[in-house]
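Residues per chain, in single letters:
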Amino acid sequence: MANGAANTMISIRAVTKAFGPVRAVNAVSFDIAQGEFFSLLGPSGCGKTTLLRMLAGFETPTEGEIFIDGQPMSAVAPNHRPTNMVFQSYAIFPHLNVRDNIAYGLARKKLPKAELGAIVDRALDLIKLTGYGNRMANQLSGGQRQRVALARALVCQPKVLLLDEPLGALDKKLREEMQLELRQIQREVGITFVFVTHDQEEALTMSDRIAVMSKGEVLQIDSAAALYEHPNCREVAEFIGTMNVFEGRLLTVSGGVAAVDAGPAGQLLAPVNGSAALTPGSAVSVAVRPEKLELSAARPGTGNAIAGRRQAEAYLGDRSHYYVEAQGLPKPIAAAAQNTRRGSGVAQAGEAVWVHWPVEAGVLLTH
Amino acid sequence: MHSPTISRLLVTFAVCYLIFLYAPVLLLPLFSFNDNVYPNFPLKGFTLKWYQQMLRDQPLLDALWASARVGIAVSFVSTVLGLFAAKAMTRYSFPGKGTITSLIMLPLVVPSIILGIALLTLVRQVFDLDLSLITVTASHVLICVPLAMLVLMARLEGFDKNLEEASFDLGEGAWRTFWRVTFPLILPGLVSSFLLCFTTSFDEFLLAFFLSGTQPTLPIYIYGLLRFPTKIPGVLAMGSCILMISILVVAFSEWFRRRGIDSQQGSIV
């Protein structure tokens with residue numbers, strides 16, 4: 001992702017927000033580029049909504065500064081910021097119809113009636129609600145309200161659109177449709193989107209980059225693929241998708257490969273990513289995704305292998321998770337297999353198997 | 001549980017309850033049309049002369065007009081002050097919030113007679129002001145602000161505070177946000193508050209008794225009339241008119257309140 005000073009839209013500098021003794025956001029710094037679809041992902045209470053509300057101006061940072069398009073924001077009230085927000089509750093004005101809701105933010109511009117009408121018509125067209133202009137909020141479904149909230153914010157032509165879990169209240173099918181639609185609208189209008197969600201799948205599908213947050217801090221900022229393939233710590237690894245983690249001690253590092261004594265799992269190898277100083281003897285873990293694992297009856301010649309006994313299968317339709325219990329490990333190992341040719345070559349429950357994976361499929365986690 | 005005997009008893013109870021509650025009130029219009037100076041049975045004949053007497057009784061009309069003016073001023077001032085208080089209580093947190101709420105609510109539980117004497121002392125001895133309808137108005141505001149605050153707090157708590165934030169977010173300041181979002185949404189609450197304060201002030205006796213000067217309010221004037229039996233039928237006539245107006249006002253405010261609920265929860269199409 002290009003991130004030069006020229007196209008930086010939001011710059012968050014050492015921002016802290018304290019509510020009494022609680023630091024909801026703790027010394028966070030990062031940049032968001034113009035036109036980027038950027039997600040703040042984390043469990044509830046991680047500070048993502050507080051950070052979004054600071055961007056909107058509803059909360060003031062206790063320390064630090066937020067710059068939007070180069071301007072410091074701490075002295076700027078919410079109604080003078082170049083941001084607009086889609087609220088989790090949508091906050092559609094119940095006493096106004098759809099047209100008046102959409103036109104709400106344009107009233108102060110005192111546009112001629114015809115021009116205003118044309119803008120609202122275009123917005124209704126964009127959100128596919130042409131003909132719904134005279135309905136009141138309570139005559140709309142959840143998905144329609146969500147779109148009206150989006151249109152109401154977009155007609156103000158903000159530099160940044162803030163979305164606070166906008167899809168949280170929708171059912172699964174509608175949510176998936178809206179994810180695609182939101183992404184498409186974002187590409188059309190080219191506005192920077194900052195999207196807050198606790199749903200990792202949603203963040204992975206929609207975002208250019210994702211910041212994973214926990215307890216007020218940003219753990220990792222990366223593209224979806226990088227977060228999934230190369231998490232930088234155990235928390236990110238376990239928050240996004242399923243991850244098998246084997247704890248151990250670092251033995252040696254040579255040729256970009258670390259050897260780890262993982263106790264009951266035996267000696268495991270993992271590629272060293274990045275330039276962090278690694279001292280032999282320190283506590284590290286080797287992590288590997290279920291779909292990188294293979295099960296076989298005989299021990300393969302190369303790579304990592306752990307002996308175990310196949311337990312239950314979790315059938316997920318397109319794929320299945322097989323759980324393998326290995327002597328001395330606290331949790332069974334999860335291995336995923338596509339169900340394209342179901343039943344071929346998978347061990348039966350109760351059979352002794354080897355779980356194995358190539359060295360480069362694993363990730364070395366130092367914390 | 002639902003045996004016929006029990007439901008019959010319940011119906012009887014309800015009917016008796018309604019009779020005890022409303023029969024005395026209904027005597028008022030009954031005697032106001034009765035051709036007899038004394039309000040007693042048996043009824044003598046139908047007449048409208050007490051209504052004519054009422055319209056000629058200038059001091060009675062003056063007292064009515066005084067009460068109406070006080071009532072309107074009280075409801076306006078109390079509703080505005082109550083709105084400020086309710087907004088502070090529901091939208092902000094600040095030190096001493098609980099104490100301040102209790103202080104605002106206090107006049108509701110202090111006996112009016114104590115409040116009346118205290119205010120009379122304050123007005124005459126401390127400030128040395130003349131008693132007038134203004135002092136009556138001020139004392140009524142004291143007991144109406146807590147009522148207004150309670151009504152409006154319920155209304156303000158009832159709507160999503162994100163709506164006000166959304167208005168700020170869309171570029172409006174505090175003043176325009178109030179008029180474009182908050183005001184239309186709490187309007188039913190404002191009307192209820194206004195009516196509640198008006199009725200409270202309109203029939204308030206004790207404070208008005210202590211604090212009115214030469215110009216009496218309606219309750220004070222009627223109390224004074226009890227010594228003159230010939231004047232009573234005119235009062236009955238006026239009472240009947242007020243009763244009629246009250247019923248209309250209550251019906252209107254209830255209709256308005258329901259309309260407000262509907263537009264929030266969504267049933268009008």
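In this numbering scheme, every chain counts its residues from 1 along its sequence in written order. Chains and ligands are labelled by the order in which they are written, letters from A for the one and numbers from 1 for the other. Per-residue local features of the predicted model are confined to residues with pLDDT of at least 70, and side-chain atom pairs are confined, for both listing and counting, to 80 or more; whole-chain, interface and lining totals are unaffected and use all residues.

Caption draft 1: Fine view of the overall build of chain B. Put simply, DSSP H or I for four residues or longer makes a helix, DSSP E for two residues or longer makes a strand, and each gets a number counted from the N terminus. Summing up its helical and strand segments, chain B has 11 helices and 0 strands in all. Going from the N terminus to the C terminus, chain B shows its helices and strands as α-α-α-α-α-α-α-α-α-α-α. Counts of 20 or more other C-beta atoms within 10 Å of a residue's own C-beta define buried residues, counts of 12 or fewer define exposed ones, and intermediate counts define partly exposed ones; C-beta atoms are placed from the backbone. Taken over 269 residues, chain B has a buried fraction of 32%.

Caption draft 2: Seen up close, the sheet that holds strand β19 (residues 352-357) of chain A. Residues and elements named next belong to chain A. Two strands form a pair only when DSSP identifies at least two bridges running between them. Ordered in space as β15-β19-β16-β17-β18, the 5 strands form an open sheet in which the pairing is antiparallel. Every other strand in the sheet has two partners, leaving β15 (294-296) and β18 (333-338) as the edge strands with one partner each. The sheet shows a mean angle of 45° between the axes of neighbouring strands, direction not considered. A fitted line through C-alpha atoms represents every axis, and for helices the fit uses only the stretch in contact; the resulting angles, taken between N-to-C directions, go from 0 to 180 degrees.

Caption draft 3: View of the pairing of strand β3 (residues 37-41) of chain A. Residue and element names in this part refer to chain A. Buried residues dominate β3, accounting for 5 of its 5 residues. Residues of β3 alternate between two faces, with Phe-37, Ser-39 and Leu-41 on one and Phe-38 and Leu-40 on the opposite face, all of them buried. Two strands pair when backbone bridges link them, and β3 and strand β8 (residues 192-197) are joined in this way by 5 bridges, in the parallel orientation. When the sheet's bridge partners are listed, Phe-38 is paired in β8 with Val-194. Bridge count for β3 against strand β9 (residues 209-214) is 4 bridges, and the pairing is parallel. Considered in β9, the bridge of Leu-41 is made with Val-212.

Caption draft 4: Representation of the confidence of the model for chain A within the structure. Residues and elements named next belong to chain A. pLDDT runs from 0 to 100 and stands for how confident the predictor is about each residue. Looking at chain A, the pLDDT average stands at 87 and 96% of residues meet or exceed 70. Least confident of the elements in chain A is β15, whose mean pLDDT is 85; most confident is β3, at 95. The contact criterion used here is simple: two residues whose C-beta atoms, placed from the backbone, lie within 7 Å are in contact. Throughout residues 1-5 the model reports pLDDT below 50, and contacts reaching past four residues in sequence, or to other chains, amount to 8 contacts.

Caption draft 5: Summary view of the sheet that holds β3 of chain A. Residue and element names in this part refer to chain A. Strand order in the open sheet formed by 6 strands is β6-β7-β8-β3-β9-β10, with mixed pairing between adjacent strands. Unpaired on one side and paired on the other, β6 (83-86) and β10 (217-222) mark the two borders of the sheet. Within this sheet the neighbouring strands show an average axis-to-axis angle of 20°, counted without direction. Where β9 meets β10, 5 bridges bridge the pair, whose relative direction is antiparallel. Residue pairing in the sheet places Ala-211 in a bridge with Ile-221 of β10. Against the sheet, helix α1 (residues 48-56) makes contact with β3, β6, β7 (160-164), β8 and β9, and its axis sits at roughly 145° relative to β7, the strand it touches most.

Caption draft 6: How the structure looks around the pairing of strand β17 (residues 319-325) of chain A. Residue and element names in this part refer to chain A. Across 5 bridges, strand β16 (residues 304-315) lies against β17 in antiparallel orientation. In the sheet register, Arg-310 faces β17, and the bridge partner there is Val-324. In textbook terms, the turn of a hairpin is the stretch between consecutive antiparallel strands, and for β16 and β17 this stretch comprises 3 residues, one of which, Gly-317, has a positive phi near 90°. As judged from the 6 bridges shared by β17 and β18, these two strands associate in the antiparallel manner.

Caption draft 7: Structural detail: the interface of chain A and chain B. Listed as interface residues are 19 residues of chain A and, on the opposing side, 18 residues of chain B. Lys, Arg, Asp and Glu make up the charged group, whereas Ala, Val, Leu, Ile, Met, Phe, Trp, Tyr, Cys and Pro make up the nonpolar group; the residues left over, Gly among them, are polar. Classifying every residue of the side of chain A that touches chain B gives 10 nonpolar, 7 polar and 2 charged.

Caption draft 8: Spotlight on the packing of helix α4 (residues 97-109) of chain B against helix α6 (residues 133-157) of chain B. All names here are of chain B. The geometry of α4 relative to α6 is characterised by a closest axis approach of 8 Å and an angle of 120° between their N-to-C directions. Considered as vectors, α4 and α6 are oriented oblique to each other. Note on packing geometry: the crossing formed by α4 with α6 is left-handed. The residues of α6 that touch α4, namely those facing Ile-104, Met-105, Pro-107 and Leu-108, are Leu-142, Ile-143, Val-145, Pro-146 and Met-149. For classification purposes, an angle smaller than 35 degrees is called roughly parallel, one larger than 145 roughly antiparallel, one from 65 to 115 roughly perpendicular, and anything else oblique. In this scheme the handedness of a crossing depends on how the near helix is turned from the far one: anticlockwise by less than a right angle means left-handed, clockwise means right-handed.

Caption draft 9: Main features of helix α8 (residues 174-202) of chain B. The first and last C-alpha atoms of α8 of chain B sit only 34 Å apart over 29 residues, clearly below the 42 Å expected at 1.5 Å per residue. What is called the bend at a residue is the angle between a pair of axes, fitted to the seven residues leading up to and ending at it and to the seven starting from it. The largest bend along α8 of chain B measures about 55° and falls at Leu-187 of chain B, with the proline Pro-188 of chain B one to four residues further on. Each residue after the first adds 1.5 Å to the expected span of a helix.

Caption draft 10: Just the packing of helix α3 (residues 58-91) of chain B against α6 of chain B, in detail. Residue and element names in this part refer to chain B. One can describe the packing of α3 onto α6 by two numbers: an axis separation of 5 Å at closest approach and a directional angle of 40°. Taken together, α3 and α6 sit at an angle that is classed as oblique. Both α3 and α6 take part in a crossing whose hand is right-handed. Split into classes, the residues belonging to the contact of α3 with α6 amount to 20 nonpolar, 6 polar and 3 charged.

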